Amino acid sequence: MPIQAESVPLATPLTTAEAYTRHLPLAGTSNFRDLGGYQGLDGRTVRWRKLFRSDHLALLSPESQRQLLQELGVARSADFRGLREQSVDHYAIDGLQHHSLAIEPTLVQRAFSLMQQGERLTPDHTVLLMQDTYRSFIHDNAAPFTQFFEMLLDSDAPIVFHCTAGKDRTGWAATLLLTTLGVPQDVVLQDYLLTNDYYHRPAKAVAAAAQIPDEVLQVLWRVQEPFLTAALQPVLQDYGSIPNYVEKVLGVDAKAQQKLAQMYLE
């Protein structure tokens with residue numbers, strides 16, 4: 001099924017697969033998306049309304065919290081934000097089980113540090129910093145992604161996984177998951193790049209980054225294929241495929257991957 005870019009009110013009756021939409025307009029988020037409908041292993045498709053990716057949930061309105069829990073049936077969240085991020089933008093939603101899978105955000109700190117040292121950040125330099133961040137996911141931050149797969153295997157209850165903007169840590173998690181489910185790489189990339197269509201920086205984030213040149217922010221707050229490729233290339237070179245990497249590094253063996261397919265494909 002092609003990627004559906006349009007969004008509709010959540011109250012719209014959902015009687016067929018065509019009625020589902022990729023992007024969901026939950027007030028307080030801008031990048032909340034359903035991973036359903038993509039074709040995976042053996043021609044089966046990813047189940048709708050099971051796997052959601054998002055920017056953080058701390059700004060969800062009461063009505064959006066109700067929609068999340070009651071209309072979408074989401075019962076658990078996997079939060080890839082660092083500990084300080086989770087503390088500053090904390091959320092506790094009755095009925096939503098929060099799981100901290102913290103990955104500390106080193107990129108912005110490195111950018112500020114370089115600026116304080118008198119270096120002028122350029123967009124090209126920022127791309128290199130972003131690529132370093134993605135490479136750090138492979139081994140340095142493998143443990144949280146292992147925990148993510150453990151959550152997925154533990155239950156097929158609808159889940160939302162997110163970081164702050166829902167683009168980098170979340171984007172890598174989605175790449176690992178969709179590829180393990182057999183979704184083709186070009187489709188995984190299309191899903192990854194949808195962040196550029198939907199994510200809008202909150203006013204608070206804009207104010208916090210006021211010292212950073214706008215052309216640098218255009219790199220920091222968007223996604224590019226070279227970011228993802230920076231992680232994919234060494235994984236493919238060292239392990240041959242994402243499923244092999246998921247088995248050898250994250251500990252999700254072939255039997256567990258088959259179970260994932262049974263749980264999340266139809």
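Structure shown above.
Notes on the structure follow. (Residues numbered from 1 in each chain as written. Predicted model: local features only at pLDDT ≥ 70, side-chain atom pairs only at ≥ 80, totals over all residues. Heavy atoms only, no water.)

Overview of the overall build of the chain
- What the chain contains, in helices and strands, is 13 helices and five strands.
- When the accessible area of the chain is evaluated, it comes to approximately 11800 Å², of which 51% is carbon and sulfur surface. (Helix = DSSP H or I, 4+ residues; strand = E, 2+ residues; numbered from the N terminus. Areas by Shrake-Rupley, 256 points an atom, 1.4 Å probe, with all protein chains shown as cover.)

Some thoughts on the packing of helix α6 (residues 169–180) against helix α7 (residues 185–193)
- Running from N to C, α6 and α7 point in directions that differ by 155°, and their axes come no closer than 10 Å. Classed by the angle they form, the pair α6 and α7 counts as roughly antiparallel. Of the two elements, α6 crosses α7, and the hand of that crossing is right-handed. Contacts from Gly 171, Thr 175, Leu 178 and Thr 179 in α6 reach Val 188, Asp 191 and Tyr 192 in α7.
- Residue composition of the contact of α6 with α7, by class: three nonpolar, three polar and one charged. (Axes fitted to C-alpha atoms, helices over the stretch in contact; angles between N-to-C directions. Parallel < 35°, antiparallel > 145°, perpendicular 65-115°, else oblique. Left-handed = near helix turned anticlockwise from the far one by under 90°. Contact = heavy atoms within 4.5 Å. Nonpolar A, V, L, I, M, F, W, Y, C, P; charged D, E, K, R; others polar.)

Overview of the pairing of strand β3 (residues 76–79)
- Alternating positions in β3 separate into two faces, Arg 76 and Ala 78 on one and Ser 77 and Asp 79 on the other, with burial throughout.
- Where β3 meets strand β4 (residues 97–100), four bridges bridge the pair, whose relative direction is parallel. Paired with Asp 79 across the bridge in β4 is Ser 100.
- As for the winding sense of the linkage, the β-α-β connection from β3 through helix α2 (residues 83–88) to β4 is right-handed. (Buried < 20%, exposed > 50% of the residue type's maximum accessible area, 1.4 Å probe, protein only. Pairing = 2+ DSSP bridges. Right-handed = clockwise from strand over helix to strand, strands pointing away.)

Observations regarding the sheet that holds strand β1 (residues 33–34)
- Pairing in this open sheet of five strands is mixed, and the strands run β1-β2-β5-β3-β4 from one edge to the other. Looking at strand neighbours, the two that pair on one side only are β1 and β4, the edges of this open sheet.
- Note that β1 and strand β2 (residues 51–54) share two bridges and pair antiparallel. Pairing of Arg 33 across the sheet is with Arg 53, part of β2.
- Its contacts with the sheet place helix α5 (residues 142–154) against β2, β3, β4 and β5 (159–162), and it is angled at close to 170° to β3.

By themselves, these figures tell us nothing about what the structure is for.
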